[in-house]
Amino acid sequence: MEEFRRAYSRLCQERGAEPQEAVLRQLQEPRRGQLDLATQTLATDTCEALGQLLQSQTLFTELVLRDCMLSEEGARLLLQGLCSNSVVRLLDLKGNNLCAVGAEALGKLLKQNKSIQSLTLEWNNLGAWEEAFATFCAGLGANSNLRQLDLRNNQVTHRGAEELALALKSNTSLQQLDLRWNNLGLLGGRALVSCLPSNRTLCRLELAGNNIPGDVLRAVEQAMDHNQDRQAAFRESQVRTHVLSKEVRSLQEEKSKQFMDLMETIDKQREEIARSSRNNAARVGQLQDALNERHSIINALKAKLQMTEAALVLSEQKTQDLGDRLAAADQERLSLSQKQAKERRLEQQEAAERESKLLKDMSAAHEKGVLLRSQVDELERKVKSQQEQLFEARQELTNTSAELKLRAVQAEERLDLERKRFKQSLADSEQLRVREVELMTCHLEESQRALQERVQRLESTRLALEEELSQVKAAALSERGQVEEEFLKARTQLRLEEQQRLVHLEEKLRLLTQARDEAQSACLQQKQAVAEAQARASQLSLQVDSLQRRLEDLQQTLSSKDQEKVAEVNRVRVELQEQMGRLQTELTAQEGLREKVAALERQLKVISNDHREALLDKESENASLREKLRLKEAEITRIYEDQAQRASVLQNAVLSYVQGAPLRTLSPHK
């Protein structure tokens, strides 16, 4: 505010004029949002400075310039500054004796300004200049923001009324027009009456003190009543369309939330499918590693078998050498003499002992070879069984991956179906809203025609309703109070029912979210169990590595200690059998985990089905709520029609009562 005051002083000094003390005092102590310079005589320089400041100011929404004795040039400069103002809502120029220049400036202001809603021009001379007033009326016709216009005591003649009528035909915003105490006459009144059917926004037109006949005044009053009813119906239709748009937006938000929830569940299912596929791939890799380790063990045993076979070949060669030696000994025995018989016997005994020992060694080696071959056969059978298990696991993996792909495809199809349903529901709701708006407009037009017909019919019964006027008033007031109470009760009851349904639906959603959280926790527990099984498998692999190291130690000691080797091989076989039993138990445990995962997936399907059913129930409840709301609106419209009928009856009764009074009571006094 201080800046505005300093700017005013600076502009006045630039023009070589002193700022007015009265204006400075008003600027020093202004009201909030109002610049009141009433009864202050404003010079031309002051008006020019204020016009320049008001072009861009945002402080004042009300400008009061009553009885300021504005000159023609000062008023023009001030109004020229207000043309580009976008903040001022109220302009009061009462008692400034504005003439032709002022009327033209006001017409330009009404054409260019987009913010002024109330304009007071009482006690001016705008109507005395026909061409300037025609310019003012042209600006009024082009304006789309002005709501109230006060033209009392402006010497407006019947020609000015004709210009006003032309302006009112094109104006779509003016609601109140005060033309009291002018010189309109019969012609001016008829001109205004002729323009009223094409103007549906003017709800109040004051024409007292213009020498207009009573029938013209009654026609103006009827037109104003029609416009008021039309405005009330329009406001009510706007309220209903606003309520319907809110409902449509809420439904759209709800559908979008449901769609996002569905997308989140699909993403979670996809993540779980990818995670399970990764886990299955890891399990297959672990099984492949275990199979490779078993292959390495079998290869080591085969190498041991080859070594034993080589040892057997060496022993056979030794036996052949011994046989050759025995043959040579027989030949020598024939050539030797009888003197060496004792030595030969001794040698034969030694050879027999050696032969028995060699035979024993050969039998033991043969038995060892048989045992090793049996072990190799058993290991080969185990390898074949593991390969079969691995093949079955791969087949199960392919089956599960195919099932997961099918589920993903089904989920995408469901998603497309939900999108189509959502789009269809939006289109249906929009069509329903358009139909309801059309029905409301048709209903309003029919009600207007019915009201006009009723007015024409009830004019004939005017004399009979004069005596019952007081009783009808009392009954109408009581009935109106009862209707308003019933309407409030119905509205509160509907709100309570909607709140209860919303609470019930929120409870259902909370239960569904709890079930989903429980299923997720169960999945996490199953994942932890799978991680524990993987840890156990890693421990088993470490144990297999230790067994391999033990087998290497046994290979090193095999050449020196055959008997210990057999014992160690037996012990290792027993341990391998135990390990195989443990692995089989782990495989059965993993199969149990797979079954649990399948059960959890079935539970997820059941939960998703329940969620879908809950959504369908909610949609059906919404449909029932819309039907109830439509019924309530129909009832309200019926009540409103009854009220309108009763009000029209009262209005006609009052008009009949007023028309029955002497004519001198209708003539206004200046």
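Note that the structure is a prediction, hence the values are computed from the model and not measured.

Asker: I keep staring at the overall build of the protein and nothing clicks. Help me out?
Answerer: Secondary structure assignment for the protein yields twelve helices and seven strands. By the compact-globule yardstick of 26 Å for 670 residues, the protein is too spread out, its C-alpha radius of gyration being 55 Å. The C-alpha extent of the protein, read off along each of the three principal axes, is 190 × 75 × 35 Å. For the protein, the proportion of its 670 residues judged to be buried stands at 32%. If you take every contact in the protein between residues at least 6 apart in sequence, the share linking residues at least 24 apart comes to 85%. Accessible area for the protein stands at about 41000 Å²; split by element, carbon and sulfur atoms hold 52% of it. Computed over 99 positive and 106 negative side-chain charges, the inter-centroid distance for the protein is 2 Å.

Asker: I would appreciate a short explanation of the nonpolar core in the present structure.
Answerer: Proteins that are soluble and globular tend to have nonpolar side chains buried together. By size, the foremost hydrophobic cluster in this structure holds 69 residues, and its most contacted members are Phe136, Leu149 and Leu151. Sequence-distant contacts of Phe136, defined by excluding residues within four places in its chain, comprise Ala103, Leu106, Gly107, Leu110, Leu121, Leu149 and Leu151.

Asker: Where do I start with the pattern of salt bridges in this structure?
Answerer: Counting across every chain of the model gives 17 salt bridges. The residue Arg180 makes a salt bridge to Asp178 at a minimum N-O spacing of 2.8 Å. Here the salt bridges share partners, and the residues they tie into one network are Lys94, Glu122, Asp150, Arg152, Asp178 and Arg180.

Asker: It is not clear to me how a nonpolar patch on the surface should be interpreted in this structure. Could you clarify?
Answerer: Side chains of Val654, Tyr657 and Val658 sit close together on the surface and give an oily, nonpolar patch of about 250 Å² of accessible area. Along the chain, Tyr657 turns up in helix H12 (residues 562-660). Exposure remark for Tyr657: the relative accessible area of 51% places this residue in the exposed category.

Asker: Teacher, can you tell me more about the packing of aromatic side chains here?
Answerer: The description of two aromatic rings rests on the distance between their centres and on the angle between their planes. Throughout the structure, instances matching the rule amount to two aromatic pairs. With a centroid separation of 5.3 Å and 80 degrees between ring planes, the pair formed by Phe4 and Phe60 is classed as edge-to-face. Residue Phe4 is found in helix H1 (residues 2-14), and its partner Phe60 is found in the loop between helix H3 (44-54) and strand S2 (62-64); the two are separated by 56 residues along the sequence. Considered together, Phe4 and Phe60 belong to a single accessibility category, that of buried residues.

Asker: Please explain a negative patch on the surface as it appears in this structure.
Answerer: Among the surface-exposed residues, Glu104, Glu130, Glu131, Glu162 and Glu163 lie close enough to one another that they form a single negatively charged patch. Of all the secondary structure elements, the ones that give two or more residues to the negative patch are helix H6 (130-142) and helix H7 (158-170). Turning to its location among the elements, Glu162 is positioned in helix H7. Relative accessible area serves as the criterion here: at 40%, Glu162 is assigned to the partly exposed category.

Asker: Before we go on, may I ask you to explain the sheet that holds strand S1 (residues 34-36) in this structure?
Answerer: Adjacent strands of a sheet form backbone hydrogen bonds with each other and so pair up, either parallel or antiparallel. With parallel pairing, the seven strands of this open sheet are ordered in space as S1-S2-S3-S4-S5-S6-S7. Pairing within the sheet leaves two strands with one partner each, and these edge strands are S1 and strand S7 (204-206). This sheet shows a mean twist of 0 degrees between the axes of neighbouring strands, independent of strand direction. Sheet analysis places S2 next to strand S3 (residues 90-92), joined by three bridges and oriented parallel.

Asker: Mind showing me how you'd approach the packing of H3 against helix H4 (residues 72-82) here?
Answerer: The axes of two packed helices give the description: the angle between them and the distance between them. Between H3 and H4, whose axes approach to 7 Å, the crossing angle comes to 5 degrees. Taken as axis vectors, H3 and H4 run roughly parallel relative to one another. In this structure, H3 uses Thr44, Cys47, Glu48, Leu50, Gly51 and Leu54 to contact H4, whose residues at the interface are Glu73, Gly74, Leu77, Leu78, Gly81 and Leu82. Across the contact of H3 with H4, the residue classes break down as six nonpolar, four polar and two charged.

Asker: What is the right way to read the packing of H6 against H7 from this model?
Answerer: Between H6 and H7, the least distance of the axes is 8 Å, while the angle of their chain directions is 15 degrees. Accordingly, the angle class assigned to the pair H6 and H7 is roughly parallel. Handedness of the H6/H7 crossing: right-handed. Residues Glu130, Phe133, Ala134, Cys137, Leu140 and Gly141 of H6 touch H7, and the partners they reach there are Arg159, Gly160, Glu163, Leu164, Ala167 and Ser170. Looking at side-chain class alone, the contact of H6 with H7 contains six nonpolar, three polar and three charged residues.

Asker: When you look at the confidence of the model for the protein in this model, what are you seeing that I'm missing?
Answerer: Interpretation of the predicted coordinates at a detailed level should be avoided for regions scoring low in pLDDT. Within the protein, residue pLDDT values average 81, and 91% of them lie at 70 or more. Counting interchain partners and residues more than four positions distant, the pLDDT-below-50 stretch residues 662-670 has seven contacts.

Asker: What exactly am I supposed to notice about the state of the cysteines here?
Answerer: Under the criterion given, the structure shown has zero disulfides. Sulfur of Cys99: no disulfide; nearest cysteine sulfur belongs to Cys47 and is 15 Å away. Relative accessible area serves as the criterion here: at 16%, Cys99 is assigned to the buried category.

Asker: Would you explain H1 in this entry?
Answerer: One full turn of an α-helix is made of 3.6 residues, so residues set three or four places apart face in the same direction. With 13 residues, H1 extends 18 Å from end C-alpha to end C-alpha; this agrees with the ideal 18 Å at 1.5 Å per step. Turning to H1, its buried residues number three or more, namely Phe4, Ala7, Tyr8, Ser9, Leu11 and Cys12. Here the buried face of H1 lies against helix H2 (21-28) and H3. Just downstream of H1, Gly16 is the residue with a positive phi angle, here 75 degrees.

Asker: What's the story with the environment of Ala290 in this structure? I'm lost.
Answerer: Checked against the element boundaries, Ala290 lands in helix H9 (residues 214-335). A relative accessible area of 31% places Ala290 in the partly exposed class. The spacing of Ala290 and Val574 is 284 residues in sequence and 18 Å in space, taken between C-alpha atoms.

Asker: Help me understand the environment of Ala351 in this model?
Answerer: Inspection of the secondary structure puts Ala351 in helix H10 (residues 341-459). Sequence-wise, Ala351 and Gly323 are 28 residues apart; in three dimensions their C-alpha atoms are separated by 9.8 Å.

Asker: Sorry if this is basic, but what is going on with helix H8 (residues 185-195) here?
Answerer: When we look at burial in H8, the residues that qualify are Gly185, Gly188, Gly189, Ala191, Leu192 and Cys195. Along the axis of H8, the buried residues cluster in a sector spanning 160 degrees; they form a single face. With respect to the buried face of H8, the exposed residues turned more than 90 degrees away are Leu187 and Arg190.

Asker: Mind showing me how you'd approach the side chain of Ser118 here?
Answerer: With respect to the element layout, Ser118 can be found in strand S4 (residues 118-120). With relative accessibility at 12%, the residue Ser118 sits in the buried group. One polar contact links Ser118 to Gln148, side chain to side chain, over a distance of 3.5 Å. Leave out the neighbours within four places in its chain, and Ser118 touches Arg89, Leu90, Leu91, Leu146 and Gln148.

Reading the values: the criteria
- Residues numbered from 1 in each chain as written.
- Predicted model: local features only at pLDDT ≥ 70, side-chain atom pairs only at ≥ 80, totals over all residues.
- Heavy atoms only, no water.
- Helix = DSSP H or I, 4+ residues; strand = E, 2+ residues; numbered from the N terminus.
- Rg over C-alpha atoms; globule rule 2.2 N^0.38 Å.
- Buried < 20%, exposed > 50% of the residue type's maximum accessible area, 1.4 Å probe, protein only.
- Contact = heavy atoms within 4.5 Å.
- Areas by Shrake-Rupley, 256 points an atom, 1.4 Å probe, with all protein chains shown as cover.
- Lys, Arg positive; Asp, Glu negative; His and termini not counted.
- Charge placed at Lys NZ, Arg CZ, Asp CG, Glu CD.
- Core = buried A, V, L, I, M, F, W, Y, C linked by side-chain atoms within 4.5 Å.
- Salt bridge = Lys/Arg side-chain N within 4 Å of Asp/Glu carboxyl O.
- Patch = residues over 30% accessible without salt bridge, like charges linked within 9 Å, V, L, I, M, F, W, Y side chains within 5 Å.
- Phe/Tyr/Trp six-rings, centres within 6.5 Å; stacked < 30°, edge-to-face > 60°.
- Pairing = 2+ DSSP bridges.
- Axes fitted to C-alpha atoms, helices over the stretch in contact; angles between N-to-C directions.
- Parallel < 35°, antiparallel > 145°, perpendicular 65-115°, else oblique.
- Nonpolar A, V, L, I, M, F, W, Y, C, P; charged D, E, K, R; others polar.
- Left-handed = near helix turned anticlockwise from the far one by under 90°.
- pLDDT = per-residue confidence, 0-100.
- Disulfide = S-S within 2.5 Å.
- Expected span 1.5 Å × (residues − 1).
- Arc of directions from axis to C-beta.
- Polar contact = N/O pair within 3.5 Å; in protein donor to acceptor, adjacent residues only side chain to side chain.

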